[in-house]
Amino acid sequence: MKKLNLAIIFLTISLFKISAQEGCLTTDNLKALDASWEKALLEVNLDFIRKNVSDNFIWVHNHAGQIDSKASLLQSGQKLVDNNTRNAKSRIQKDVNVIISGNTGIVTGFTEVVRINGTTRTTYNFMRTYAEIDGKCTLLANHTMAIPEKDDD
């Protein structure tokens, strides 16, 4: 009986350690969360941004030509909601990669954005930093850079 109780205690502790180690920082989870970020931007989902973006968030755009905080992102998003408009028709990710170290995950790749007029297409290289805070992955930072169109010389 003592051996059975000891085995149950050992298994319980082992399962607890395994589940605690997994957390939200897995490649699949970060890819899914990052795809949800793109969808939230496309659909102007301010609730997603409020719940999943750090209060200290920073988004550096092309050559630091624009830098957004969580507050400025929500403010510009609210204007789109109020005017019942969007600034993009689609956002498609490709070549998405994940690096995980400690309680931090980096997601990199490319996003092709088709503007609402349907004719303007821009491909961006992105690098987003997520951190696991209290068991939840939160977006801390985003850096995007437009990729210039290739000349057909």
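Everything below is about the structure printed above this text.
Every chain's residues receive numbers from 1 upward, in the order its sequence appears when written. Selection of residues for local features in this predicted model requires a pLDDT of at least 70, selection of side-chain atom pairs for listing and counting requires 80 or more, and totals for whole chains, interfaces and linings are taken over all residues. Neither water nor hydrogens contribute to the side-chain values; these are computed over all heavy atoms in the structure.

The helix and strand labels rest on DSSP assignments: H or I over at least four residues marks a helix, E over at least two residues marks a strand, and numbering proceeds from the N terminus. Here R91 shows up in strand β3 (residues 88-101). At 2.5 Å, the side chain of R91 forms a polar contact with the side chain of E38. Any pair of residues with heavy atoms lying within 4.5 Å of one another is described as a contacting pair. Residues within four places of R91 in sequence aside, it is in contact with E38, L41, L42, T111, E112 and V113. Think of a polar contact as two N or O atoms within 3.5 Å of one another; within protein, one of them needs to be a possible hydrogen donor and the other a possible acceptor, and neighboring residues in sequence only count if both atoms come from side chains.

So, about the environment of R50. Within the fold, R50 resides in helix α3 (residues 46-52). For R50, a relative accessible area of 43% corresponds to the partly exposed category. A sequence separation of 23 residues divides R50 from L73, and the C-alpha atoms of the two residues are 10.0 Å apart. With sequence-adjacent residues up to four places away left out, R50 is seen in contact with K70, L74 and Q78. Exposed residues in this analysis have more than 50% of their type's maximum accessible area, buried residues have under 20%, and partly exposed residues fall in between, with area computed by a 1.4 Å probe over protein chains only.

This next bit is on the environment of D28. Relative to the helices and strands, D28 is located in helix α2 (residues 27-43). For the pair formed by D28 and V98, sequence separation is 70 residues and the distance between their alpha carbons is 8.8 Å.

Right, let's talk about the state of the cysteines for a bit. Linking two cysteines covalently via their sulfur atoms produces the bond known as a disulfide. By convention in this document, the label disulfide applies to cysteine sulfur atom pairs within 2.5 Å. Here the structure, examined in full by the defined rule, presents one disulfide. Between the sulfur atoms of C24 and its disulfide mate C137 the distance is 2.0 Å. What sets the handedness of the C24 and C137 disulfide is the S-S torsion sign, and at about 95° it is right-handed. Taken as a pair, C24 in the loop between α1 (2-22) and α2 and C137 in strand β6 (residues 136-147) lie far apart in primary sequence, 113 residues in all. Assigned by exposure class, C24 and C137 land together as buried.

Pairing geometry for strand β4 (residues 104-115) and strand β5 (residues 121-133), over 11 bridges, is antiparallel. Each residue of the ladder has a partner; that of G105, found in β5, is Y130. Pairing geometry for β5 and β6, over 11 bridges, is antiparallel. Its bridge partner being in β6, I133 is matched across the sheet by K136. When DSSP finds at least two bridges between two strands, those strands are taken to pair.

Let us now look at the layout of surface pockets. Quantified by volume, the largest pocket comes out at close to 480 Å³. Among the elements of the structure, α2, α3, α4 (70-82), β4 and β5 are those that each provide at least two residues to the lining of the largest pocket. All amino acids are sorted into three groups, where Ala, Val, Leu, Ile, Met, Phe, Trp, Tyr, Cys and Pro are nonpolar, Asp, Glu, Lys and Arg are charged, and the leftover types, Gly among them, are polar. Across the lining of the largest pocket, the residue classes break down as 11 nonpolar, eight polar and five charged. Here a cavity denotes a set of grid points, spaced 1 Å apart and computed over the protein atoms alone, in which a 1.4 Å probe fits but from which it cannot get out, and a pocket denotes an open set meeting protein on both sides within 12 Å along at least five of seven lines; residues with an atom within 4 Å of a point are reported as lining. Grid points are joined across faces, edges and corners, and a volume is the space filled by probe spheres set on the points.

Shape is all these values report; function is a separate question.
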